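# Examining the three-dimensional arrangement
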Amino acid sequence: MVFWVPLMSWGLALALALLAVARAPRPLPPGFVADRLLRYLFLVPLGLMGLWAFLGHVFFAAEAARAIGWAPSPFQFEVGMANLGIGVAGVIAAFYGNWGFRLGVAVVASGFLGGAAVGHVVQIVETGNLAAGNAGPILYTDILTPLTLLVLLALTRHTARG
């Protein structure tokens, strides 16, 4: 499950964005495609994935630790709470299209997920930890999600509201 959920979240976000663009009246307004992609990236890979990680780290801590290749730790509760905040903010950013709010959420997500990606790489190099929750798709989405959000936000700066 830990292997597939990050991939499915990206697939769902892309499918929803494509569907929204396909169903939109023509001509499309400037920035519409990027806005819809932002919406669904905030909603699924950031928002719902954050809530999923919150549930895992807080309510299924032993299973989450095992999937990452760690021993259970009290720090998982703190990681879970950070995931909760980022997840809720991601869901809000999906439907509250204020550019400044979205940028703030993307910056916080970049710090947290980028730091998690560095931690994953350190674990791979130092301990050979190739567990699915450490070296699988989560490593790549920890980099891809915030990076893509920041790039899309930069591209939409002049067409965004707020």
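Everything in this summary refers to the structure shown in the same document. Along each chain, the written sequence defines residue order, and numbers are assigned to residues from 1. pLDDT decides what is reported in this predicted model: residues at 70 or higher carry local features, side-chain atom pairs at 80 or more are listed and counted, and totals for whole chains, interfaces and linings draw on all residues regardless. With hydrogens and water excluded, all non-hydrogen atoms of the structure serve as input to the side-chain values.

## Concerning helix 3 (residues 61–68)
Every buried residue of helix 3 is listed here: Ala64, Ala65 and Ile68. Projected down its long axis, helix 3 shows its buried positions confined to an angular sector of 100°, all on one face. We call two residues in contact when some of their heavy atoms are within 4.5 Å. Counting from the N terminus, the helices are DSSP H or I runs at least four residues long and the strands are E runs at least two residues long. Tucked inside the fold, the buried residues of helix 3 contact helix 2 (32–59), helix 4 (75–95) and helix 6 (132–135). Phi for Gly69, located one or two positions after helix 3, is positive at around 90°. Three exposure classes are used, based on accessible area relative to the maximum for each residue type with a 1.4 Å probe and protein chains only: buried under 20%, partly exposed in between, and exposed over 50%. The reported arc concerns the directions from the helix axis to the C-beta atoms and nothing else.

## Describing the packing of aromatic side chains
Whether two aromatic rings pair depends on their centres lying within 6.5 Å, for rings of Phe, Tyr and Trp, where Trp uses its six-membered ring; planes under 30 degrees apart make the pair stacked, over 60 edge-to-face, and the rest tilted. Overall, the coordinates contain three aromatic pairs when judged by the stated rule. Centre to centre, the rings of Phe54 and Phe59 are 5.8 Å apart; their planes meet at 85°, and the pair counts as edge-to-face. Looking at Phe54, the relative accessible area reads 13%, which means it is buried. Summarising the aromatic geometry, the rings of Tyr96 and Phe101 are spaced 5.5 Å apart at their centres and angled 70° between planes, so their arrangement reads as edge-to-face. Only when the NZ of Lys or the CZ of Arg is both within 6 Å of the ring centre and within 35 degrees of the ring normal is a charge said to sit over the ring. Its guanidinium or amino end placed over the ring of Trp99, Arg157 lies 4.4 Å from that ring's centre, counting from NZ or CZ.

## With respect to the packing of helix 1 (residues 4–23) against helix 2
Between N-to-C directions, angles cover 0 to 180 degrees, with each direction set by a line fitted to C-alpha atoms, over the stretch in contact for helices. Between helix 1 and helix 2, the least distance of the axes is 8 Å, while the angle of their chain directions is 150°. Taken together, helix 1 and helix 2 sit at an angle that is classed as roughly antiparallel. Helix 1 and helix 2 meet at a crossing whose hand is right-handed. Where helix 1 approaches helix 2, its residues Val5, Pro6, Ser9, Trp10, Leu12, Ala13, Leu14, Leu16, Ala17, Ala20 and Val21 are matched on the opposing element by Phe32, Val33, Arg36, Leu37, Tyr40, Leu41, Val44, Pro45, Met49 and Trp52. Its residues assigned to classes, the contact of helix 1 with helix 2 shows 19 nonpolar, one polar and one charged. The labels follow the angle: roughly parallel below 35 degrees, roughly antiparallel above 145, roughly perpendicular from 65 to 115, and oblique for the rest. Here is the rule for handedness: rotate from the far helix to the near one, and if that takes an anticlockwise turn smaller than a right angle the crossing is left-handed, while a clockwise turn gives right-handed. Each residue receives one of three labels: charged for Asp, Glu, Lys and Arg, nonpolar for Ala, Val, Leu, Ile, Met, Phe, Trp, Tyr, Cys and Pro, and polar for the others, Gly being one of them.

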